[in-house]
Amino acid sequence: MEFKVQSIDLKDLDETKGIVKAYANVYNFKDSDGDVSAYGSFDKTVNENFKRIRVLKDHNPTMMIGVPLAIDTKDSYGLLTTSQFNLNKSLGKDMFTDVKLMHENNLNAELSIGYKVISRDQKNKSIINEYKLMEYSFLSSWAANELATV
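None of the values given here were measured: they were computed from a predicted structure.

Comments concerning a positive patch on the surface
A cluster of basic residues, Arg52, Arg54, Lys116 and Lys132, forms a positive patch on the protein surface. You can see Arg54 is positioned in strand S5 (residues 54-57). A residue is classified by how much of its surface remains accessible, and Arg54, at 38% relative accessible area, is partly exposed.

Brief notes about helix H2 (residues 90-104)
The end-to-end C-alpha separation of H2 is 21 Å, in line with the 21 Å expected for 15 residues at 1.5 Å each. Of all the residues in H2, the buried ones are Gly92, Met95, Phe96, Val99 and Lys100. End-on view of H2: buried residues confined to an arc of 135°, all on one side of the axis. Within two residues after H2, Asn106 carries a phi angle of roughly 55°, on the positive side.

Concerning the pairing of strand S9 (residues 127-138)
Here 2 bridges tie strand S4 (residues 36-37) to S9, and the two strands are oriented parallel to one another. Opposite Ser37, over in S9, you have Ile128 as the bridge partner. Where S5 lies against S9, 4 bridges are found, and the strand directions are parallel. Paired with Leu56 across the two strands is Ser137, which belongs to S9. Bridge analysis of strand S8 (residues 110-120) against S9 gives 9 bridges, and the strand direction is antiparallel. Among the inter-strand pairings, Gly114 is bridged to a residue of S9, identified as Glu135. In sequence, S8 turns back onto S9 through a hairpin of 6 residues.

What counts, and at which threshold
Residues numbered from 1 in each chain as written. Predicted model: local features only at pLDDT ≥ 70, side-chain atom pairs only at ≥ 80, totals over all residues. Heavy atoms only, no water. Patch = residues over 30% accessible without salt bridge, like charges linked within 9 Å, V, L, I, M, F, W, Y side chains within 5 Å. Areas by Shrake-Rupley, 256 points an atom, 1.4 Å probe, with all protein chains shown as cover. Salt bridge = Lys/Arg side-chain N within 4 Å of Asp/Glu carboxyl O. Lys, Arg positive; Asp, Glu negative; His and termini not counted. Charge placed at Lys NZ, Arg CZ, Asp CG, Glu CD. Helix = DSSP H or I, 4+ residues; strand = E, 2+ residues; numbered from the N terminus. Buried < 20%, exposed > 50% of the residue type's maximum accessible area, 1.4 Å probe, protein only. Expected span 1.5 Å × (residues − 1). Arc of directions from axis to C-beta. Pairing = 2+ DSSP bridges.

The structure is reproduced here in structure tokens:
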């Protein structure tokens, strides 16, 4: 599994329910790995694999902080996720509190995706046409893509 670190713009935050709506990936932007996510590159994986996609902290499979409520692959900007943090668990509550604090102070909290590349464009190998998305993570540290901020 590979990891693609991005910072993303927070779209919405519901403090009482622990819900964050944010972009986990941005389309048509060359990231620091030299990759470009094509529009539609997450369609198949989200349609076929949604129930297996996890929300983690720092890509650590033992640190689940919440669940994906919805993943919108049709948004023109990027992969729009709606996540509910587990506020009954200290790990989920702590990460939600950190994201909220950073947002309130106009700082960037950042996300990253864990994935496998299924196919690339034959003419331009930097373009990823299809991913297998396994998870997306809220990060304690910095991301590689300045467009992906919370």
